[in-house]
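Coordinate analysis (summary)
Read off the chains here:
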Amino acid sequence: MLKTEKFLLNEERLNSVRENYKRVLDQVRESAVKAGRSENDVRLMCVTKTVEPAYINAAIELGADLIGENRVQEYLGKKDELNLEGVERHLIGHLQTNKVRQIVGEVDMIESVSSLKLAKEISKVSLAKRLVTDCLIEVNIGKEESKSGIYIEELEQALCEIAPLGGIKIKGLMTIPPICENENEARRYFAEMRQYFIDIKAKKIDNVDMDILSMGMSGDFEAAVAEGSNIVRVGSAIFGARKYF
């Protein structure tokens, strides 16, 4: 093993990350084609929660051009060690309003806009920094109390309240469905999300571009792609089980 500044670099894991990334990318492309879409219709996001920079850089070297981080402080703490030229960066985890000022301008998109209150804070900070922050609205498709996000019944009203805010551009929707026992159950949630995505797009709400439907993770991304997702968020299938530190 090679020693780096902060941890021991495991060559076996490094090779595993490279192999995993190529395998998952192939699976995403194959899933898109199987669904009657172009293999380039779906973007693979490498989710980097608890992953050390060396392993993230290994995926970037192979062509990964989209990473997603869950925690503001973790991303800010390791971004200087990442080779981010040409790489799009999304915040995908729950965002507290008191962390908004730290992350606006540091990422290209916030996928986890889960309330009007949070959207107003992103707007306020973005205007102060003279930026426009691309955002996805997080939908709590399963109405789970343990998860943040806007309920489907409240989605259109929320969009109409958030869309006029300055400094924000709504680019689509994101969801994390409940844990499902099988692929068919997961597909029902994803299909429901796709239909709402299509319906909202048809309404042509000002400042709302339904370009992105972000759904699907390591265990269910193939089902998500089959139901219309165009960003899948994959962490453990690429980097291995999370290491909490």
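Refer to the structure printed above.
Residues numbered from 1 in each chain as written. Predicted model: local features only at pLDDT ≥ 70, side-chain atom pairs only at ≥ 80, totals over all residues. Heavy atoms only, no water.

**Digging into the overall build of the chain**
On a plain count of helices and strands, the chain comes out with nine helices and ten strands. Each principal axis of the C-alpha atoms in the chain carries an extent, and together these give about 55 × 45 × 30 Å. Of all 245 residues assigned to the chain, the portion counted as buried reaches 48%. Taking all contacts inside the chain whose residues are at least 6 apart in sequence as the whole, residues at least 24 apart take part in 61%. Here the chain contributes 35 positive and 40 negative side-chain charges, whose respective centroids are spaced 3 Å apart. (Helix = DSSP H or I, 4+ residues; strand = E, 2+ residues; numbered from the N terminus. Buried < 20%, exposed > 50% of the residue type's maximum accessible area, 1.4 Å probe, protein only. Contact = heavy atoms within 4.5 Å. Lys, Arg positive; Asp, Glu negative; His and termini not counted. Charge placed at Lys NZ, Arg CZ, Asp CG, Glu CD.)

**Structural notes on the packing of helix H6 (residues 152-162) against helix H7 (residues 183-203)**
Packing of H6 against H7 brings their axes to within 12 Å, and their N-to-C directions diverge by 25°. What the angle tells us is that H6 and H7 run roughly parallel. At the point where H6 passes H7, the crossing takes the right-handed sense. Contacts from Ile152, Leu155, Glu156 and Leu159 of H6 reach H7 at Met193, Tyr196, Ile200 and Lys203. Here the contact of H6 with H7 is composed, by residue class, of six nonpolar, no polar and two charged. (Axes fitted to C-alpha atoms, helices over the stretch in contact; angles between N-to-C directions. Parallel < 35°, antiparallel > 145°, perpendicular 65-115°, else oblique. Left-handed = near helix turned anticlockwise from the far one by under 90°. Nonpolar A, V, L, I, M, F, W, Y, C, P; charged D, E, K, R; others polar.)

**Points about the pairing of strand E7 (residues 133-139)**
Burial of E7 is extensive: six of the seven residues sit out of reach of the surface. By the bridge criterion, three bridges tie strand E6 (residues 109-113) to E7 in an arrangement that is parallel. Residue pairing for E7: Met109 is matched across the bridge by Asp134. In this region the chain leaves E6, passes through helix H5 (residues 116-128) and returns to the parallel neighbour E7; the handedness of that crossover is right-handed. The pairing of E7 with strand E8 (residues 168-175) spans seven bridges and is classified as parallel. The partner of Glu138 across the bridge, within E8, is Met174. (Pairing = 2+ DSSP bridges. Right-handed = clockwise from strand over helix to strand, strands pointing away.)

**Digging into the nonpolar core**
Counting 70 residues, the largest nonpolar core has Ile122 and Leu173 as its most contacted members. The element that contributes the greatest number of residues to this core is helix H1 (residues 11-34), accounting for seven residues. Setting aside residues no more than four positions away along its own chain, Leu173 makes contact with Leu136, Ile137, Val139, Leu155, Met193, Phe197, Ile200, Met210, Ile212, Leu213 and Ser214. Met45, Val47, Met174 and Ile231 belong to the second largest nonpolar core, which has nine residues in total. (Core = buried A, V, L, I, M, F, W, Y, C linked by side-chain atoms within 4.5 Å.)

**Things to note about the packing of aromatic side chains**
Two numbers describe a pair of aromatic rings. These are the distance of the centres and the angle of the planes. By the definition in use, this model includes zero aromatic pairs. Residue placement shows Arg13 over the ring face of Tyr55; its charged tip is 4.1 Å from the ring centre. (Phe/Tyr/Trp six-rings, centres within 6.5 Å; stacked < 30°, edge-to-face > 60°. Lys NZ or Arg CZ within 6 Å of the ring centre and 35° of its normal.)

**Regarding the side chain of Thr133**
Its location among the elements puts Thr133 in strand E7. A polar contact is formed between the side chain of Thr133 and the side chain of Ser126, at a distance of 2.7 Å. Residues contacting Thr133, with those up to four places away along its chain left out, are Val104, Ile110, Ile122, Ser126, Gly167, Ile168 and Lys169. (Polar contact = N/O pair within 3.5 Å; in protein donor to acceptor, adjacent residues only side chain to side chain.)

**Some details on the environment of Val17**
Structurally, Val17 can be placed in helix H1. Taking the C-alpha atoms as reference, Val17 lies 22 Å from Leu76; in sequence the two are 59 residues apart. Setting aside residues no more than four positions away along its own chain, Val17 makes contact with Tyr55, Ala58, Ile238 and Phe239.

**Quick look at H6**
Taken together, the buried positions of H6 are Ile152, Leu155, Ala158, Leu159 and Ile162. Around the axis of H6, the buried residues are gathered within 100° of arc, so they sit on the same side. Looking at the packing, one finds that the buried side of H6 touches H5, E7, E8, H7 and strand E9 (208-214). (Arc of directions from axis to C-beta.)

**Notes on the state of the cysteines**
By definition, a disulfide links two cysteine residues through a covalent bond between their sulfur atoms. Counted according to the given criterion, the structure contains zero disulfides. The thiol sulfur of Cys160 is not disulfide-bonded, and the nearest other cysteine sulfur, from Cys135, lies at 16 Å. By relative accessible area, which is 38% here, Cys160 ends up partly exposed. (Disulfide = S-S within 2.5 Å.)

**Overview of the packing of H1 against helix H2 (residues 53-61)**
Where H1 contacts H2, the axes come no closer than 9 Å and their chain directions differ by 35°. Crossing angle aside, the handedness with which H1 passes H2 is right-handed. Side by side, H1 and H2 meet where Arg13, Leu14, Val17, Arg18 and Tyr21 of the first sit next to Ala54, Tyr55, Ala58 and Ala59 of the second. Looking at the contact of H1 with H2 residue by residue, the classes come out as seven nonpolar, no polar and two charged.

Spatial relationships are all this shows, so hold off on functional conclusions.
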